[in-house]
Structures are given as C-alpha cells and as structure tokens.
Amino acid sequence: MKAFKALLLLAVAAFTLPAIAENGMNSPYTRYGFGQLSGMEVGINKSMGGTGIGLRNNSQINLLNPASYAAVDTLTFLLDVGVSLHNANFTEGAVKMNARNTTFDYLAMQFRLKPRLGMTIAMMPFSNIGYNFSNSAVIDSYEDPTTGEIIKSEEGEEITVTNRYYGDGGLRQVTAGLGWSPLKGFSVGGNFSYIYGEVYHYAYNQYSETSISTRTKQYIADISTYKVDFGAQYQASFGKNRVTLGATYQLGHEIGNDTYVIDMTSTGTSVTSSDTLCTTPMSIPSGYGAGISYTFDERLTFAADYSVQQYGATNFFGYKGADRHRASIGFEYIPELVTRKLFRRARYRAGLHYATAHYYVGDHKGPTEYGATVGIGLPIMNGWNGKSIVNISGQAVHVRPNAPGMITENYLRLSVGLSFNEGWFDKWKVQ
C-alpha cells in the first residue's frame, strides 16, 4: 500500500511536471558531453555544498547514498520537491551577457517498507542542453564544402562567413532505490535509474556569397538506458558524538542506442550532398565516492565528500570524455532542537565545492567549477506538523576556463525546496 501511494504520486508528477520543467540552460558548454550534469542533490545537500555520501538522516531524503534510506522512521512518509532560479553571466573578452532561467530540480519520496528496509522513488533531470550562439569573420579564402578545395576570393571581393551553433534537449531520470540495515550501525543500498531523453546539436556555416555551399552538421542521439548505483554506510556513536562513513559505486556500461551525425551541404534551397554516419555509442561511466560526517549533540554536523566519475572511458559522438572529480564540504547548525522560536529551531547551513568538467573543448579539458553555498532550513510549526521543512539556499558558482579565449561563466542560484515529513502510516485510534 505504501509503494502504491508513492507510485501514484510519481505517475501524476510525470504528467504534470514536464510542462513546467524547462531545461533552463543558456551555456555554450552544454554543447559538450551530456551537457550540464544535474547531480542528485536535494534541498539539504544543495545547502551543504553538495555533500551527502556520509550523511544519514531519518527526517530528510538523501539520494546521494541509497544506504541512507534505511534510516527512515517506520510511520513516516517523506516528500521532497525543489526548483531553482538562475542568473547567469557569460564573459568572453570585453563581451558580456546575462541570462535568467528557472529549472525544476527534483521530486522525491521516501517511506519504510519493513523494519530496517526503506524505499525511495524520485524523478529529476540527469543533464540539460541549451545554447544558441554565432560568430562572423571576413575571409579571403574558403574551403569548398563539397570538394574540400581551398578557393581564394577575387581581389576586392569581401566574403563574410557566419558560424552558428545551436543545441537543445537533455536527459531525465526516474529512480527507485532500497536501503537495508542488516546490522546495527551498518546499511547498504542501491538505486536503479531509468534515463531517457534526446540530444540535439547543430553546427553550420553560411557565406555572404550565396554561390558558396553551406555546410550543416547535425548531431543526434535518442537515449533510453539505465544507471545502477550502490552505497554503504557505517555509523558509530560515542556519547553526544556520532560519526558516519559512506561509500558509493556507480556501474558503468555502454548505451545501446545509436548516435548519428548528419553531414549535409546545400546551395540556396537545394541540398547538394548528405551523409549520415553512425558514431561510437555513448556510455554511462563507472564511478566511486567516499564521504564522512560528524555530528555533535544532534545540533552541529560537518560533512565532506569526494567522488570520481570515469568519463575518460566514454565517448560523445566520437569525442572522448574526461574523468570528472568533485570535492565538497559542508556543515549544518541548529541552535535549539526543542523550541517554539522559529529561527532558534532553524537549520543553518553552508558549503563549498570544486568540480572538473567531464568533457574536452578541442584539445583542452573543459572548465573547472568552484562554488559556495549558504542556506537555511525553516521548520513548519503549527498544530498538526512540526517536522516538515522549507529549504532555501543561495549558491554562487564560478566556471573558469582552462584555455585562453574560452568563455567564463558566473551563476547566482536561488533554490527552494519543500520537504514534507508526514505520519501517513500512523494507525488511527478510537477512544
């Protein structure tokens, strides 16, 4: 019955949320790899720098380590949903541009199936793609797209070439996971995710001289695959002190779907040649991570994570990826556990993170990301609910290129999540 209720809610969300879940991206770097990876952070993780492998909490969902699901309380149903507002600034030399977007981040629910066995069901983006930019230059020679011959322009003739790049799409994932605690203090778990979506990239050049053929390349992938993650946690308590160790492993595999590159040349409105190539299949990378958290008196928590996703063994339309490293630290402080004063019972959080790109830009590894987050978890205090929390976090992210001439990106994000903690499975008593 518990699983049926959760699946019913997820089914309703699957039909209603895509209508508002725009990919919300404007970054030219989403042209590479799978695009901008979304991760599996929910409200508490976002506020603490993205940590979670070593976090274990019976009142909030933590998708970063499925072993944590075993901690959910017997009579509790957890529902967590979040959205983000983004303000992005792009800088290339003296040129600057701003963009604002809204994204749907996640919907997750968690409940206990049996003693020591918890289940979580979630849906969220896996990656987002969205860009549209161009550049123009005056040339004195050009390559004939049909023959490959280099042709020089006539004296006094000025030819302008415009290169345009456009991308759209992204991948989404639906996840079901179990966490089981066979021994006191020790738990294991696994997530099974279904990943689906489309990847579209277009690149074409157009000349001011209409007699010169235009070349268009389309990169297309229709993806439907799975992802499997495993996790383990061990927790030990010493008086008011508690330490939790966590580890995760992601199973890598080749995606069976075909990826295509359509290379087409045209003059005016007539297509002169077209060639469709089936490229090397994409892959879900193997990966591993480790995390630790320390809690004192249930009020102060420190956490640290490190993870690697081995994208260096994957391909994207024939181009090799790069291993992605991510490190993060975070903390949470609660002034008082039991009080009617809102801001004394609030959860104050902050964190830092560092991440490398999972792709190359030409011969250079993609940009490096640095981020800082502050957040607050405000409890909903009324006569019938004292455990649900509104999670609010602000994040500043600097994306620094690793080669001159590349675009620098800066993001300010406001994330809002609502974490319902309800006693759905309490038995009614008749006096």
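I would appreciate a short explanation of the packing of aromatic side chains in the present structure.
Each aromatic ring pair is characterised by the separation of its centres together with the angle its planes make. One pass over the full model with this rule turns up 15 aromatic pairs. Arranged with centres 5.1 Å apart and planes meeting at 25 degrees, the rings of F133 and Y165 form a pair that is stacked. On the criterion of sequence distance, the pair formed by F133 in strand β4 (residues 117-139) and Y165 in strand β7 (residues 159-183) is long-range, its members being 32 residues apart. Judged by relative accessible area, F133 falls into the partly exposed class, the value being 29%. Judged by its relative accessible area of 18%, Y165 is buried. Ring geometry for Y219 versus F317: centroids 5.4 Å apart, planes at 75 degrees, classification edge-to-face. Separated by 98 residues along the polypeptide, Y219 in strand β9 (residues 214-238) and F317 in the loop between β17 (315-316) and β18 (319-320) bring together distant segments of the chain. Just as Y219 is buried, F317 falls in that class too. These aromatic residues form a ring-pair network of at least three members: F34, F126, Y311 and F316. In this structure, R413 packs its charged tip against the face of Y411, placed 4.7 Å from the ring centre.

Would you take a moment to explain the environment of F186 for this structure?
One can find F186 in strand β8 (residues 186-207). Sequence spacing of F186 and A70 is 116 residues, and the spatial spacing of their C-alpha atoms is 9.5 Å. Among all residues touching F186, those that are not within four sequence positions of it are W180, S181, A232, Q233 and Y234.

Hey, could you run me through unusual backbone geometry in this one?
One can expect most non-glycine residues to show negative phi and most peptide bonds to be in trans. At R116, a position not held by glycine, the phi torsion is positive, near 70 degrees. Mapping R116 onto the fold places it in the loop between β3 (95-114) and β4. The partly exposed category is assigned to R116, whose relative accessible area is 44%. Phi is positive for E298, which is not a glycine, with a value near 65 degrees.

Please explain the nonpolar core as it appears in this structure.
Generally speaking, soluble globular proteins have nonpolar side chains that are buried together. With 20 residues, the main nonpolar core has F34, F126, L171, V199, I223, M282 and F317 as its most contacted residues. Contributing elements (two or more residues each) for this core: β4, β7, β8 and β9. When neighbours within four sequence positions are excluded, L171 is seen to be in contact with F34, P125, F126, S127, I195, Y196, G197, E198, V199 and I223. V42, M48, L63 and V72 belong to the second-largest nonpolar core, a separate cluster that totals 16 residues.

In this structure, what is going on with the pattern of salt bridges? I would like to understand it.
As a working rule, side chains carrying opposite charge can pair if their charged atoms are close by. Taken as a whole, this structure holds nine salt bridges when the rule is applied. The partner of E332 in a salt bridge is R347, with the nearest N and O atoms 3.8 Å apart. Here the residue E332 occupies a position in strand β19 (residues 324-333), and R347 occupies one in strand β20 (residues 347-355), the gap between them amounting to 15 residues. Here E332 matches R347 in class, with each residue buried. The salt bridge partner of R344 is E336, with a shortest N-O separation of 3.0 Å. For E336, a relative accessible area of 29% puts it in the partly exposed group. A cluster of three or more residues bridged by salt bridges with shared partners is formed by E332, R347 and R349.

Calculation notes
- Residues numbered from 1 in each chain as written.
- Predicted model: local features only at pLDDT ≥ 70, side-chain atom pairs only at ≥ 80, totals over all residues.
- Heavy atoms only, no water.
- Phe/Tyr/Trp six-rings, centres within 6.5 Å; stacked < 30°, edge-to-face > 60°.
- Helix = DSSP H or I, 4+ residues; strand = E, 2+ residues; numbered from the N terminus.
- Buried < 20%, exposed > 50% of the residue type's maximum accessible area, 1.4 Å probe, protein only.
- Lys NZ or Arg CZ within 6 Å of the ring centre and 35° of its normal.
- Contact = heavy atoms within 4.5 Å.
- Core = buried A, V, L, I, M, F, W, Y, C linked by side-chain atoms within 4.5 Å.
- Salt bridge = Lys/Arg side-chain N within 4 Å of Asp/Glu carboxyl O.

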